[in-house]
Amino acid sequence: MPKATETVLEINLKSLEHNYGYLRSKIAPHTRFMAVVKAYSYGNDASEIAKHMETLGVDYFAVAYACEGIALRKAGIKTPILVLHAIPSHFEDIIAYDLEPDLYNKKGLAAFQHVAATKGLNAYPIHIKFNTGLNRLGFEEADIDYLHGQLHADKHIKVISLFSHLAASEDMSVRDFTIGQIDKFKSIANTFVDRFGYKPLLHILNTSGILNYADSGQLDMVRSGIGLYGYGNHPEFDRELKPIGTLKSIISQIHTINEGESVGYNMGFTATKPTRIAIIPLGHADGIGRHFGKEKGYLIIGTQKAPIVGNVCMDMLMIDVSGIDCREGDEVVIFGATVSAEDFAKTGNTISYELITGISQRIKRVIVR
Ligand SMILES: *Cc1c(COP(=O)(O)O)cnc(C)c1O
């Protein structure tokens, strides 16, 4: 791997393939796989990852918002794309770019039916989300009669999947709650099939659902995001997965300060002895927030840990490299292949999802094939 000469997020497509293979090994060969690529594939990259996943043969992509799906279509992605958070003002775009909306409430459903009828669409694919306990988006089981009344005579749209989302699939201490969500979804699906007389695709499992509940919950399709990017929400699974993104930077400058001298804005760090400080071109505008400052987080130089000292600035941060053999221009690693984003995230009291999705688009992405 080439040494970094500026701040870069290296994205390893081989690791992505490995993770896909591992997740697939947990489910039956005929179970469909939806790759969740919202938020720039969790901060990694918008289109290269989807293009690669398409060559691996995933069945579906999911994005959060229409604009993300449009970007994938513009990049040449042909696989079906589910828009998880479809908003009525985006419906025209959704149809124009052949995206498939998740409809989760009566107002949105009626609005989409209206647009579909106006355009004279024929059996346009839609997905219906049900709430089974997350209490975020979704219809309730009691809405199925309403849905039937609303949809049975509508030829313009066609329900091609029913789905729900688990609230705590990584937390085995609430296993009963999760099993309850899966059972509730199965009951909703049965009622739907009885009422409508056909069975759409059913899906409820996310990454931790695949890892912990493949037996009871895999149904027709699974949806995975974080697992594809190398994190399994548990050390046992983290060992099997490979982080695909490695955030690296370089040392811009090194200087030694004396006892009593301070570093950075508001004198966030004061030296108690002569201290070697290295300046790194990476700051809170890049997604490394202030909560990592004041010796909470650390960067890796070779195999050694250098704590972040003082307050993280907008465009740079400072680390204590006393006793570490390093020079201006040397590479530093923030997280990735060798230090997990989960571990780094913990030092700032957050989780891998928040850390990696927050890595700014200002940072150059380098694809490693
Ligand atoms: C983001 C999201 C996922 C992916 O979850 P992971 O834990 O990253 O696998 C799956 N389903 C829905 C509805 C989501 O919003």
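Quantities reported herein were computed from a predicted structural model and do not represent experimental measurements.

Reading guide: rules and limits
- Residues numbered from 1 in each chain as written.
- Predicted model: local features only at pLDDT ≥ 70, side-chain atom pairs only at ≥ 80, totals over all residues.
- Heavy atoms only, no water.
- Helix = DSSP H or I, 4+ residues; strand = E, 2+ residues; numbered from the N terminus.
- Buried < 20%, exposed > 50% of the residue type's maximum accessible area, 1.4 Å probe, protein only.
- Contact = heavy atoms within 4.5 Å.
- Arc of directions from axis to C-beta.
- Near = heavy atom within 4 Å.
- Polar contact = N/O pair within 3.5 Å; in protein donor to acceptor, adjacent residues only side chain to side chain.
- Areas by Shrake-Rupley, 256 points an atom, 1.4 Å probe, with all protein chains shown as cover.
- Nonpolar A, V, L, I, M, F, W, Y, C, P; charged D, E, K, R; others polar.
- Core = buried A, V, L, I, M, F, W, Y, C linked by side-chain atoms within 4.5 Å.
- Domains from an automatic or database assignment.
- UniProt positions renumbered as here; feature names shortened; annotations may be inferred.
- Expected span 1.5 Å × (residues − 1).
- Salt bridge = Lys/Arg side-chain N within 4 Å of Asp/Glu carboxyl O.

Student: Is there a simple way to explain the overall build of the protein in this structure?
Tutor: A count of helices and strands for the protein gives 12 helices and 19 strands. In terms of its C-alpha atoms, the protein occupies a principal-axis envelope of roughly 80 × 45 × 40 Å. Burial statistics for the protein: of 369 residues in total, 54% are counted as buried. For the protein, contacts bridging at least 24 residues in sequence account for 66% of all contacts bridging at least 6.

Student: Teacher, can you tell me more about helix H7 (residues 144-151) here?
Tutor: Turn by turn, an α-helix covers 3.6 residues, leaving residues three or four places apart pointing in a common direction. Ile-144, Leu-147, His-148 and Leu-151 are the residues of H7 that are buried. Down the axis of H7, the smallest arc covering the buried residues is 100°, so these residues share one side. Buried residues belonging to H7 abut helix H6 (106-118), strand S6 (124-129), strand S7 (157-163) and helix H8 (175-196).

Student: Looking at this structure, I do not really get the site of the ligand. What am I missing?
Tutor: Neighbouring the ligand are 13 residues; Lys-38, Tyr-42, Thr-207, Arg-223 and Tyr-353 lie closest to it. Residue Gly-225 places a main-chain N or O atom 2.9 Å away from an oxygen atom belonging to the ligand. One nitrogen or oxygen atom from the side chain of Tyr-353 is found 2.7 Å from an oxygen atom belonging to the ligand. Taking 390 Å² as the accessible area of the ligand by itself, protein coverage stands at 94%. Among the secondary structure elements, those contributing two or more residues to the shell around the ligand are helix H2 (38-43) and strand S9 (221-224). Residue composition of the shell around the ligand, grouped by class: 5 nonpolar, 5 polar and 3 charged.

Student: Would you mind going over the nonpolar core with me for this structure?
Tutor: Soluble globular proteins tend to pack their nonpolar side chains together in the buried interior. Core analysis: the biggest nonpolar cluster contains 105 residues, and Ile-288 and Ile-319 have the highest contact counts within it. Inspection of this core shows a minimum of three residues originating in each of domain 1 (31-229) and domain 2 (245-368). Each residue touching Ile-319, except ones within four places of it in the same chain, is listed here: Arg-276, Ile-277, Ala-278, Ile-280, Leu-299, Ile-301, Ala-306, Pro-307, Ile-308, Val-309 and Val-332. Within the second largest apolar cluster, 9 residues are counted, among which are Val-263, Phe-269, Ala-271 and Ile-279.

Student: Please clarify how the UniProt feature "domain: Alanine racemase C-terminal" (unreviewed entry) in the protein should be interpreted in this entry.
Tutor: UniProt records the feature "domain: Alanine racemase C-terminal" (unreviewed entry) at residues 244-368, using the numbering of this structure. The distance separating the terminal C-alpha atoms of residues 244-368 is 9 Å; by composition the span is 10% helix and 36% strand.

Student: I'm lost on H6 in this one. Help?
Tutor: Taking 1.5 Å of rise per residue, the 13 residues of H6 would be expected to cover 18 Å, and the 18 Å separating its terminal C-alpha atoms lies within 8% of that figure. Burial in H6 covers these residues: Gly-108, Leu-109, Phe-112, Gln-113, Val-115 and Ala-116. With its buried residues spanning 165° around the axis, H6 presents them on a single face. Looking at H6, the residues exposed on the side facing more than 90 degrees away from the buried face are Lys-107, His-114 and Thr-118. In the core, the buried residues of H6 are packed alongside helix H5 (91-96), strand S5 (100-103), S6, H7 and S7. Of the residues one or two after H6, Gly-120 is the one with positive phi, at around 65°.

Student: Got a minute to help me understand the side chain of Thr-207 in this structure?
Tutor: Within the secondary structure, Thr-207 is located in helix H9 (residues 207-217). Using a relative accessible area of 2% as the deciding quantity, one classes Thr-207 as buried. When neighbours within four sequence positions are excluded, Thr-207 is seen to be in contact with Leu-23, Arg-223, Ser-224, Gly-225, Ile-226, Gly-227 and Tyr-231.

Student: Even after reading the chapter, I still don't get the pattern of salt bridges, so can you show me in this structure?
Tutor: Should the charged atoms of two oppositely charged side chains come close, the side chains can pair. Within this structure, the stated rule accounts for 12 salt bridges. Notably, a salt bridge pairs Lys-248 with Glu-10, separated by 3.1 Å at the nearest N-O pair. Residue Lys-248 is located in strand S10 (residues 245-250), and its partner Glu-10 is located in strand S1 (residues 8-12); the two are separated by 238 residues in the primary sequence. Residue classification places Lys-248 among the buried positions, given a relative accessible area of 6%. For Glu-10, a relative accessible area of 6% translates into the label buried. A salt bridge links Arg-369 to Glu-48; its shortest N-O distance comes to 3.2 Å. In this pair, Arg-369 sits in the segment after strand S19 (364-368) while Glu-48 sits in helix H3 (residues 48-56), placing the two residues 321 residues apart along the sequence. Residue Arg-369 is classed as exposed on the basis of its relative accessible area, which comes to 64%. For Glu-48, a relative accessible area of 21% translates into the label partly exposed.

Student: Sorry, what's going on with the UniProt feature "binding site: substrate" (unreviewed entry) in the protein here?
Tutor: Following the UniProt record, the feature "binding site: substrate" (unreviewed entry) maps to Arg-136 and Met-314 here. Spanning 179 residues, the named residues are also spread out in space, since their farthest C-alpha pair is 33.2 Å apart. Mapping Arg-136 onto the fold places it in the loop between S6 and H7. On the basis of relative accessible area, Arg-136 is assigned to the exposed category, the value being 58%. Residue contacts for Arg-136: discarding those within four places in its chain leaves Asn-131 and His-165. Of note, Met-314 is situated in the loop between strand S16 (304-309) and strand S17 (317-320). What Met-314 contacts, discounting residues up to four positions off in sequence, is Gly-283, His-284, Ala-285, Asp-286 and Arg-362.

Student: Sorry if this is basic, but what is going on with unusual backbone geometry here?
Tutor: It is generally the case that most residues other than glycine have a negative phi and that most peptide bonds are trans. Positive phi is not limited to glycine here, since Tyr-42 has a value of about 55°. Secondary-structure assignment places Tyr-42 in helix H2.

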